[in-house]
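Residues per chain, in single letters:
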Amino acid sequence: MTVNLSPLGLGTSQLGNLYRVTTDAEAAGAVGTAWDGGVRYFDTAPAYGRGLSERRLGELLAERPRDEYVLSTKVGRRLVPSPETADERDPMFDVPADLRLEDDLSRDGIRRSLHESLDRLGLDRVDVLYLHDPDDHEEQALTTAIPAMIELREEGLVRAVGAGMNQTAMLTRFVEETDIDLVLCAGRYTLLEQGALADLLPAALAHDVGVVIGGVFNSGLLARPRPPEGALYNYSEAPAPLLERARKIADACERHGVTLPDAALAFVRAHPAVVSTVVGARGADQVSAFLEAARTPVPVELWAELREAWLLDPMAPVPHASLPDISI
C-alpha cells in the first residue's frame with residue numbers, strides 16, 4: 001500500500017449537511033480542530049450533500065500543505081443535473097435536489113467521476129479512491145469498475161484504490177479477487193457487532209489489504225456514554241435488542257471508569273488489519289470529543305468482562321494495555 005493513513009480520519013458527510021444544515025463556521029471548526037489534533041486523513045464523496053462536502057473540504061484544506069494529508073473520495077455514483085427536482089430537497093442531506101446521483105460503474109463513468117470530484121475539491125489529485133456502495137452491481141464492480149480504478153492508479157492519478165460499503169461479503173470478494181489496496185468497512189466491525197471477523201478481516205490480512213473502519217459508533221448508538229431512546233443504528237431507530245445490548249456494554253464501561261465512545265474507538269484499533277478509523281463530526285466540539293475519547297486509556301479488565309458476559313466476540317483482538325495505542 002502506497003499511502004500512510006493517520007490512526008484517526010475525519011469523515012465529512014456532515015459537511016454535506018447530513019440531516020441538517022452545517023454552518024460554514026461548524027465546518028471550518030471541524031476541519032481545523034481535526035488538523036490541530038493531528039488528523040491527516042480526510043474522507044469525502046460526491047454523494048455527501050450532492051457535492052457540497054467535496055467543495056467545502058477542498059476549500060478548507062486549500063491552505064494546508066498538500067503533501068501532509070491524505071484525502072479519499074468515491075466513484076460509482078455521478079452527479080448529473082436534475083432540473084425536474086430542482087425545487088425539492090434531498091431526503092437525507094439538507095441541500096437542493098438540483099443534482100441527482102446516477103449509478104455509473106463504466107470505465108468512462110469512473111474516470112469522469114474522478115475528474116468532476118477534482119474540480120469540486122479544487123485539487124489536482126486525490127490519494128485514495130473508493131468504489132461507493134456497489135451493492136446492486138457486484139459483477140460490474142469486479143469486471144469493469146475496479147479494473148478502471150486500478151488503471152487510474154497505474155497511471156499515477158490516484159495512489160490507492162478500494163471500495164467502501166456497509167457489508168462485508170462483497171468487500172471480502174473484492175479483497176480476494178482483485179488488486180485493491182484498501183477497503184472502508186462501515187458499521188460491520190464495532191464494539192456492538194463483529195461480523196467482519198468471519199470473512200473480511202482475515203481475508204484482508206491474508207492479502208495485505210488495509211481496512212479502514214467507518215461507522216465505528218453504528219450511526220450513533222455508541223456515540224454517547226449511555227444510548228438514549230431513539231438512538232440511531234444504521235441510519236434508523238435502533239431495534240430494542242440492540243439498544244439493550246449497547247446499554248449493557250455502557251454499564252460495563254461505567255464500572256471501569258470509561259465511556260462507550262472511549263471503548264468503541266479503542267476496540268477497533270486492536271485488530272491488526274485495521275489501518276485507520278474514520279469518525280464523522282459536525283463541528284469543533286464533536287471533533288474534540290472524539291479526539292479525547294481516542295486518547296483515553298481503557299482498562300484491560302473491561303474487555304475480560306465483556307467477553308465473559310458474551311457482549312464481545314471471544315475471538316476479537318483487544319488492546320493489551322490500558323494506555324491508548326494512538327499518537328496524533
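Model, not experiment: these values are computed from the prediction. (Residues numbered from 1 in each chain as written. Predicted model: local features only at pLDDT ≥ 70, side-chain atom pairs only at ≥ 80, totals over all residues. Heavy atoms only, no water.)

A. Quick peek at the sheet that holds strand 2 (residues 41–43). Pairing within the closed barrel is parallel, and its eight strands lie in the order 1-2-3-6-7-8-9-12. On average, each strand axis in the sheet is inclined to that of its neighbour by 25°, with strand direction left out of account. Of the pairings in the sheet, the one linking strand 6 (residues 128–132) to strand 7 (residues 160–165) comprises five bridges and is parallel in character. Bridged to L129 within strand 7 is V161. Contacts from helix 9 (residues 284–294) reach strand 1 (8–11) and strand 12 (274–280), with the element oriented near 160° to strand 1. (Pairing = 2+ DSSP bridges. Helix = DSSP H or I, 4+ residues; strand = E, 2+ residues; numbered from the N terminus. Axes fitted to C-alpha atoms, helices over the stretch in contact; angles between N-to-C directions. Contact = heavy atoms within 4.5 Å.)

B. Here's a closer look at the side chain of S82. With respect to the element layout, S82 can be found in the loop between strand 4 (77–81) and strand 5 (99–103). Relative accessible area serves as the criterion here: at 2%, S82 is assigned to the buried category. Each residue touching S82, except ones within four places of it in the same chain, is listed here: A97, D98, L99 and R100. (Buried < 20%, exposed > 50% of the residue type's maximum accessible area, 1.4 Å probe, protein only.)

C. Structural detail: the UniProt feature "domain: NADP-dependent oxidoreductase" (unreviewed entry) in the protein. According to UniProt, the "domain: NADP-dependent oxidoreductase" (unreviewed entry) feature falls on residues 7–310. Taken as a whole, residues 7–310 contains 39% helix and 18% strand, while its terminal C-alpha atoms sit 28 Å from one another. (UniProt positions renumbered as here; feature names shortened; annotations may be inferred.)

D. Structural detail: the nonpolar core. With 93 residues, the main nonpolar core has F42, L131, F174, L191 and W303 as its most contacted residues. By residue number, the principal contributor to this core is helix 4 (residues 138–154), which donates eight residues. Every residue in contact with F174, bar those within four places of it in the chain, is listed here: P134, E138, A141, L142, I146, A163, M165 and I180. Membership of the second largest hydrophobic core comes to 11 residues, among which are V3, A160, L182 and L184. (Core = buried A, V, L, I, M, F, W, Y, C linked by side-chain atoms within 4.5 Å.)

E. Inspection of the environment of A309 at higher detail. Inspection of the secondary structure puts A309 in the segment after helix 10 (300–308). Remark: the alpha-carbon pair of A309 and T143, spanning 166 residues in sequence, is separated by 44 Å.

F. Region of interest: the pairing of strand 9 (residues 210–214). Counting buried positions along strand 9 gives five out of five residues, so the element sits mostly inside the fold. Neither face of strand 9 is exposed, since G210, V212 and G214 on one face and V211 and I213 on the opposite face are all buried. Across five bridges, the pairing between strand 8 (residues 182–186) and strand 9 is parallel. Directly across from L182, in strand 9, lies its bridge partner G210. For the crossover that starts at strand 8, traverses helix 6 (residues 200–207) and ends in the parallel strand 9, the hand is right-handed. Taken together, the three bridges between strand 9 and strand 12 define a ladder with parallel strand orientation. Residue V212 lies in a different strand from strand 12, and its bridge partner there is S276. (Right-handed = clockwise from strand over helix to strand, strands pointing away.)

G. Molecular detail of unusual backbone geometry. The phi dihedral of Y19 falls on the positive side, at around 70°, and the residue is not glycine. Within the secondary structure, Y19 is located in the loop between strand 1 and helix 1 (24–36). Of note, N234 is a non-glycine position whose phi angle comes to about 55°, a positive value. Mapped onto the elements, N234 comes out in the loop between strand 10 (232–233) and strand 11 (236–237). By relative accessible area, N234 is classed as partly exposed at 34%.

H. Spatial organisation of the packing of aromatic side chains. By the definition in use, this model includes six aromatic pairs. Where W35 meets Y69, the ring centres are 6.1 Å apart and the plane angle is 75°; that geometry is what we call edge-to-face. Placement of the pair is W35 in helix 1 and Y69 in the loop between helix 2 (52–61) and strand 3 (70–75), with a sequence separation of 34 residues. Residues W35 and Y69 agree in their burial class; the two are buried. Their ring planes at 85° and their centres at 6.2 Å tell us that F42 and Y69 sit as a pair that is edge-to-face. With F42 in strand 2 and Y69 in the loop between helix 2 and strand 3, the pair connects residues that are 27 residues apart, well separated along the chain. In this structure F42 comes out as buried when scored by relative accessible area, which is 0%. One aromatic cluster is present, formed by W35, F42 and Y69 through successive ring pairs. (Phe/Tyr/Trp six-rings, centres within 6.5 Å; stacked < 30°, edge-to-face > 60°.)

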